[in-house]
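# Examination of the molecular architecture
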Amino acid sequence: MARVFNWQLGREMSYWYPESRPQRQFAAVFDTNKCIACQTCTLACKTTWTSGKGQEYMLWNNVETKPYGSYPLAYDIKLLEMLNGQQWSGAKYEGQTLFESAPAGERVLGWRPEQRDYAYPNVGEDDCAGQVDHGEFLSLPHMNWFFYLPRICNHCTYPACLASCPRGSIYKRQEDGIVLVDQGRCRGYQECVRGCPYKKVFFNPMTGTSEKCIACFPKMEQGITPQCFENCIGKIRLSGYLSPPGKARPDNPIDYLVHIRKIALPLFPQFGLEPNVYYIPPIHAPVSFNQQLFGPGAGEAMKAYRNAMNDPDLASLLCLFGSTEKVINRYHRQGELAVAADEKGVELVRVPMREPVHIRPAVDQKNQLVRINCP
Amino acid sequence: MRYTILLVALFSAACSRAPKAANEVVAVASAKVPAQPDDATWEGAPEYTAKLVPQDLVEPRLMNPSTPEVRVRSVTNGSEIAFRLEWDDESKNDMPGPSRMVDACAVQIPEKTEKDLPEPQMGQEGKRVQVTYWRSDWQATVDGRGDTIRDIYPNATVDHYPFQSKALEKGSDAEKEMAQRYAPARALGNIRSGPRSQPVEQLVANGPGSLSPGEPLSAKGKGAFGKKGWAVVISRKLPEGLSANQRTHIAFAVWQGQQQESGARKMRSGWVSLLRKGE
Ligand code: SF4
Ligand code: SF4
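One structure accompanies this document, and this report is about it. Computed from a prediction, not measured in an experiment: that's the story for all the values here.

### Details of the overall build of chain A
If you tally the helices and strands in chain A, you get ten helices and 19 strands. Taking 375 residues into account, the globule formula puts the C-alpha radius of gyration at 21 Å, and chain A, at 22 Å, falls close to it. Expressed along its principal axes, the backbone C-alpha trace of chain A runs to roughly 85 × 60 × 45 Å. Relative to its full complement of 375 residues, chain A shows a buried share of 56%. Considering only residue pairs separated by 6 or more positions, chain A has 63% of its internal contacts joining residues 24 or more positions apart.

Put into structure tokens, the structure is as follows:
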């Protein structure tokens, strides 16, 4: 194993291959506070990439309901249990990663879901677990909480899928850091399925190979955002490229949210893969739960998000989510406007931070009519 | 009546006789190279029992030993060589799927017939090995299992595939092209991605992790699952330069689907001497 630097853990760690960061890294920010679990993203991906034989059960993009939901079943809890409670000290991870805790004979600490674990995406996740007793009523704020967690492949800096493959059939592209399974080389050993903690590689029984999210690279190559981003109804997703921490550019939307404001956090950073989909944590979920999912920065990120209305630079950038099908490489605020540009600086879109509001009196004096609010 | 008696006599003779044991794999000469594992020709070939050990050179390793040995017989007609591999297996695993591994076996022979042998585990740089690999799910396909998801998951319900679009004529190139769009391994010609006419594939390797498609070498196979386990015939072209009464080497590997074995997680033998018997 080689020693590599994982900035999400604030320390060096062991990895199967030496550090080799791509020229630029595909990355995304998902705002969990806006996700409504409409699954349009899931279907956008499904119809585009996984409508073939053997792909029926695959969801390269899925949305699960936390805290109880997961796809495949218990993918997260199982591994957290296997890791057996590890510690952070401040921003530094003192525990063991999946690579460091690999048992003898293995490359990664992993497990492989059973077939049935894939069988019930979302079934029961949003349902009431018990009977609602007579006399019970809704009280606000809610006693309980939940939120939706949309997930795609994290195109990790240190992919466990890639490290697990004894044939080197998985590669990380130098030009954009997208992680792909070479469909010509894969022999379907399912080691990657076992290794990926996010369970984002799927075995195709009809072709005998494993398949995964490709970050819609044919679109990204043309500066167009992936299918599950473009079709997102809730406008929760922003795609782009992340710079290494020391090279963060404030006008790069992803850098700004991840490195500068630290409002968007990786999912299960403690696994040690340096995943590149970053989440704005749900502000109504308990901090401790968010910390388990997103690391020690969750509390500060929640505070910053709550304060976004008093923070015009941040608020303007949040307004750019889902505002264009193009990949936004640069952005700036012009007064009350958020302005986005592509790589060459060509303007893509400008979005007002506040929607214009018109208030009309209830009574129309001129026509002597009472106005009715029609839905 | 006379014939019946004769047959019974022959049968009981075959049963009572313990197989001739050999201390190397001996390919006996025969005009016919048997294609079926129960062909009577095999009775004339001595049996070699190869001890198997877990693959423990590269990660992922097999940590729990499974199949202890494989019984091997061999026959050649001077241009083709066939091997029958038999091993005990309590369960037939020939359904592929997530976390569903399949039974398989392979024979490995050095590409060049020479004294200085390649590394026994998948060969080495400059010293390639030829691997003929058989798989139970491919056998099922060749034996008639269909190429649909319902052939593996009988209760699966599928509403629609894009290649079933009304606009696409059945059996047309356009239909095939649409199906391939959603089967990237097939579109790329990955030889393992089915539909297939043989349950084996011919591969070459020059070290662990380097397995790749090799010259076809007319590789053929046939496996049958019986009371005790699998009996599999693997045949291929005679190794180059292996003349009568000469030796080369051979190694074996067995995967048990039930034990979640696939790829590097396998039981394997070391090099075993392989003698091509003269006429
Ligand atoms: S999320 Fe899983 S499949 Fe995607 S790069 Fe990371 S380890 Fe590989
Ligand atoms: S980025 Fe593309 S391939 Fe990946 S989940 Fe989204 S739609 Fe599917």
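Additional details are given in the paragraphs that follow.
### Thoughts on the pattern of salt bridges
All names here are of chain A. Enumeration over the complete set of coordinates arrives at 42 salt bridges over all chains. Among the salt bridges present, the one from Glu19 reaches Arg21, with a minimum N-O distance of 3.0 Å. One network of salt bridges, in which partners are shared, links Glu64, Lys66, Asp76 and Arg151.

### Points about the sheet that holds strand 17 (residues 347–352) of chain A
All names here are of chain A. On the basis of which strands lie adjacent, the open sheet formed by three strands has the order 15-16-17 and antiparallel pairing. Of all the strands in the sheet, just strand 15 (330–334) and strand 17 have a single pairing partner and so form its edges. Adjacent strand axes in the sheet meet at a mean angle of 20 degrees, parallel and antiparallel pairs treated alike. Judged from the five bridges that link them, strand 15 and strand 16 (residues 337–341) form a sheet pairing that is antiparallel. Counterpart to Arg330 in the pairing with strand 16 is Ala341. On the sheet, helix 10 (residues 312–319) packs against strand 15, strand 16 and strand 17 and is oriented at approximately 125 degrees with respect to strand 15.

### Quick notes on the sheet that holds strand 13 (residues 265–266) of chain A
Residue and element names in this part refer to chain A. Strand order in this open sheet of four strands is 12-3-14-13, and the pairing throughout is mixed. Each edge of the open sheet is held by one strand with a lone partner, namely strand 12 (237–242) and strand 13. Strand contacts of helix 7 (residues 253–260): strand 3 (25–31), strand 12 and strand 14 (277–280), with the helix running at about 85 degrees to strand 12, the strand carrying the most contacts.

### Side note on helix 10 of chain A
The set of residues buried in helix 10 of chain A consists of Leu314, Ala315, Ser316, Leu317 and Leu318 of chain A. Buried residues along helix 10 of chain A sit in contact with helix 7, strand 14, helix 9 (298–306), strand 15 and strand 16 of chain A.

### As for the pairing of strand 1 (residues 2–6) of chain A
Residue and element names in this part refer to chain A. Going residue by residue along strand 1, you find Ala2, Val4 and Asn6 tucked away on one face and Arg3 and Phe5 left uncovered on the opposite face. Across five bridges, the pairing between strand 1 and strand 2 (residues 11–15) is antiparallel. By the bridge assignment, Phe5 is partnered in strand 2 with Glu12. The hairpin turn running from strand 1 into strand 2, its antiparallel successor, is four residues long, and Gly10 in that turn takes a positive phi close to 65 degrees.

What counts and how
- Residues numbered from 1 in each chain as written.
- Chains lettered and ligands numbered in written order.
- Predicted model: local features only at pLDDT ≥ 70, side-chain atom pairs only at ≥ 80, totals over all residues.
- Heavy atoms only, no water.
- Helix = DSSP H or I, 4+ residues; strand = E, 2+ residues; numbered from the N terminus.
- Rg over C-alpha atoms; globule rule 2.2 N^0.38 Å.
- Buried < 20%, exposed > 50% of the residue type's maximum accessible area, 1.4 Å probe, protein only.
- Contact = heavy atoms within 4.5 Å.
- Salt bridge = Lys/Arg side-chain N within 4 Å of Asp/Glu carboxyl O.
- Pairing = 2+ DSSP bridges.
- Axes fitted to C-alpha atoms, helices over the stretch in contact; angles between N-to-C directions.

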